[in-house]
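Here is what each chain is made of, one letter per residue.
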Amino acid sequence: MCELLGMSANVPTDICFSFSGLRARGGRTGPHKDGWGMAMYRDGYVWAIHDPRPSADSDMAEVISNTSLKCDIVISHIRQANVGAVSLLNTHPFNRLLWGKTWTYAHNGQLESSESLPIEHYHPLGSTDSERAFCWIVEQLQIRFGDQEPSVVAVSEALSDLALQLKSRGVFNMMLSDGVRLYCFCTTKLHWITRRAPFKKATLSDEDVIVDFKEVTTDKDVVTVIATQPLTHDEQWQQMEEGELCVFEGGEVVCQIKAAHLTTAL
């Protein structure tokens, strides 16, 4: 299985600390050695890095771990290949245009008979079940809502329905963003933590790295980090439930759907 890392913040924030923990799992403390990628949003615009090499050995990953590239939303992925060769085209995250926005997506898991998912307009460039599922999701959203972007509640309900359909085919842990919100769906493992004042120190589980967040934040900062497995061992992470969709905006939870029950903070 692959591993996911996401971030949603109310101010531009770097991902160095968390990515250092994830990166170690890409071939050093974990088996996810078949490539890594990261998409970073700032003010709705996205830039991305993809590398089919193990993140633990990647000079590009080394740069990201040590460079303060401040962003609003991040989606990162380290791959343990199941379907599709180890290649640049098969390296997550993937992106497509919808409603005038660049949507970015990464998936952890494996889906049975993904080739049977019907698609007509959005087609994968690589050969993974993950990318085909993404193309299907985007196409289904366009079929349901046309060219007019609906409300966050409507999108969340649709994504929950689509994700549950994919969950019936196997393991479907997902992160998806339009540059404003970060949508996360859990089948097996996703954890999250929201950091806000008063900020404290935290220690990575996979690296000998400690950070004192009060030295790099203000009292107004709100930063939520989402990961397959908790990245620190001295903080209290929340575990998402099976079949739960959680939506983050500006570091806050704005919508949750658990077992067909919708709650919203809007």
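Residues numbered from 1 in each chain as written. Predicted model: local features only at pLDDT ≥ 70, side-chain atom pairs only at ≥ 80, totals over all residues. Heavy atoms only, no water.

Within the open sheet, the seven strands sit side by side as β3-β2-β4-β1-β12-β9-β13. Their pairing is antiparallel. Among the strands making up the open sheet, the edge pair consists of β3 (45-51) and β13 (238-239). Where strand β2 (residues 36-42) and β3 come together, seven bridges link them in antiparallel fashion. What sits directly across from Met38, in β3, is Ile49. Most of the contacts of helix α1 (residues 16-24) go to strand β1 (residues 3-13), to which it runs at about 175 degrees, and overall it touches β1, β2, β4 (71-78), β9 (191-196) and β12 (222-227). (Pairing = 2+ DSSP bridges. Helix = DSSP H or I, 4+ residues; strand = E, 2+ residues; numbered from the N terminus. Contact = heavy atoms within 4.5 Å. Axes fitted to C-alpha atoms, helices over the stretch in contact; angles between N-to-C directions.)

A word on empty space enclosed by the protein. Taken as a whole and assessed by the stated rule, the structure comprises one cavity of 30 Å³ or more. One number sums up the size of the largest cavity: a volume of about 70 Å³. Lining the largest cavity, in full, are Cys2, Arg79, Gln80, Ala81, Asn82, Val83, His92, Gly109, Thr128, Asp129 and Ser130. (1 Å grid on protein atoms, 1.4 Å probe; cavity = no way out; pocket = protein on both sides within 12 Å on 5 of 7 lines; lining within 4 Å. Points joined across faces, edges and corners; volume = space filled by probe spheres on them.)

We now examine the nonpolar core. Membership of the largest hydrophobic core comes to 33 residues, with the highest contact counts inside it found for Tyr105, Ile137, Phe172 and Tyr183. Those elements giving two or more residues to this core turn out to be β5 (94-98), β6 (101-108), α3 (129-145), α4 (152-167), β7 (173-177), β8 (182-186), β14 (244-249) and β15 (252-258). Setting aside anything within four residues of it in sequence, one finds Ile137 in contact with Tyr105, Leu159, Leu162, Leu166, Phe172 and Met174. Counting residues in hydrophobic clusters, the runner-up holds 27 residues, among them Phe17, Met38, Ala61 and Phe213. (Core = buried A, V, L, I, M, F, W, Y, C linked by side-chain atoms within 4.5 Å. Buried < 20%, exposed > 50% of the residue type's maximum accessible area, 1.4 Å probe, protein only.)

Turning to the layout of surface pockets, a few remarks are in order. Within this model, the largest pocket holds a volume of roughly 320 Å³. For the lining of the largest pocket, the per-class residue count stands at twelve nonpolar, three polar and four charged. (Nonpolar A, V, L, I, M, F, W, Y, C, P; charged D, E, K, R; others polar.)

Take α1 next. For α1, a buried count of nine out of nine residues is recorded, marking the element as mostly surrounded by other parts of the structure. For α1, the full list of buried residues reads Cys16, Phe17, Ser18, Phe19, Ser20, Gly21, Leu22, Arg23 and Ala24.

This part covers the side chain of Gln256. Examined against the element boundaries, Gln256 turns out to sit in strand β15. Within polar-contact distance, the side chain of Gln256 engages the side chain of Glu244 at 2.9 Å. (Polar contact = N/O pair within 3.5 Å; in protein donor to acceptor, adjacent residues only side chain to side chain.)

Next up on the list: α4. Counted at 1.5 Å a residue, the expected span for α4 with its 16 residues is 22 Å, and the 22 Å between its end C-alpha atoms agrees. Those residues of α4 that sit buried are Val152, Ala154, Val155, Ser156, Ala158, Leu159, Ser160, Leu162, Ala163 and Leu166. On its buried face, α4 sits against β6, α3, β7, β8, β14 and β15. (Expected span 1.5 Å × (residues − 1).)

Glancing now at the pairing of β4. Consecutive residues of a regular strand have side chains that alternate between opposite faces of the sheet. Within β4, eight of the eight residues are buried, which leaves the element mostly enclosed by the surrounding structure. Taken together, the seven bridges between β1 and β4 define a ladder with antiparallel strand orientation. From the neighbouring strand, Ser8 faces β4, where its bridge partner is Ile73. Here β2 pairs with β4 via six bridges, running antiparallel. Bridge assignment links Met40 to a residue of β4, and that residue is Val74.

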